[in-house]
Amino acid sequence: MRVLIVEDERRLARSLAQGLGAEGFAVDVVHDGREGLFLATERDYDLLVLDIMLPGMNGYRICAALRAAGDETPILMLTAKDGEYDEAEGLDTGADDYLTKPFSYVVLLARIRALLRRRGGGAAPVLRLGDLTLDRSARRVERAGEEVALTAKEFAVLEHLAGRAGEVVSKADVLEHVWDFAYDGDPNIVEVYVSVLRRKLGAGLITTVRGAGYRLVDRAG
């Protein structure tokens, strides 16, 4: 899952990015409203976290511009303001949720996960593919009834492939959704993680489609 944070309080933005990164999210951070709007329109995000008071362009205008362009990416707005009129304005411009600073990180994470579930059409947070069970909320994976311990990044790669089970997913697509745009390391890192998942979950679960990418079988077994 890929998240864009547009927040001019650099310490807060850094803290949020570190926390979400530890949960397996790919997180991009910008501190200016115009740059945030540019990235939101140029890249594919699963969720946006927008501060309202931003240099260049405020969060209300960013949200309104995205909705006017037909972008339905879930938006969680953050603000130091407090009051029902501020909340109403944020929601009227098309935001999906609203959180007033200071806030609990645990609450922020719960709101983000709720918005992502809602985006999936209310689908259950548990994916079952044959004897593979992936619980997105609990970040828990089982194979044939046995829990398999995965790191946050391993889980993120598996979650992305499982969400498109049966389809061929390119290495570039995995990088785009699991690593942030600042990553400039070896793209073969994807192969490393796929290899680890095969070792932990079984070699037959993820197949390589030569020259195209990877496919997680839609009926694990």
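Placed above this text is the structure.
Residues numbered from 1 in each chain as written. Predicted model: local features only at pLDDT ≥ 70, side-chain atom pairs only at ≥ 80, totals over all residues. Heavy atoms only, no water.

A. Spatial organisation of the overall build of the protein. Scanning the protein for helices and strands turns up eight helices and 11 strands. In the protein, buried positions account for 43% of the 221 residues. The long-range share in the protein, meaning contacts at least 24 apart out of those at least 6 apart in sequence, stands at 57%. (Helix = DSSP H or I, 4+ residues; strand = E, 2+ residues; numbered from the N terminus. Buried < 20%, exposed > 50% of the residue type's maximum accessible area, 1.4 Å probe, protein only. Contact = heavy atoms within 4.5 Å.)

B. Summary view of the pairing of strand 3 (residues 47-51). Strand 3 sits mainly inside the fold: five of its five residues count as buried. Neither face of strand 3 is left uncovered, since the one carrying Leu47, Val49 and Asp51 and the one carrying Leu48 and Leu50 both have all their residues buried. Sheet analysis places strand 1 (residues 2-6) next to strand 3, joined by four bridges and oriented parallel. Its bridge partner being in strand 3, Val6 is matched across the sheet by Leu50. (Pairing = 2+ DSSP bridges.)

C. How the structure looks around the environment of Val49. Its place among the elements puts Val49 in strand 3. According to the relative accessible area criterion, Val49 is buried, its value standing at 1%. Each C-alpha atom, one on Val49 and one on Ala13, is 9.9 Å from the other, the two residues being 36 residues apart in sequence. When near neighbours in sequence (up to four residues on either side) are disregarded, Val49 contacts Val3, Leu4, Ile5, Val6, Leu76, Leu78 and Ile112.

By themselves these figures say nothing about function.
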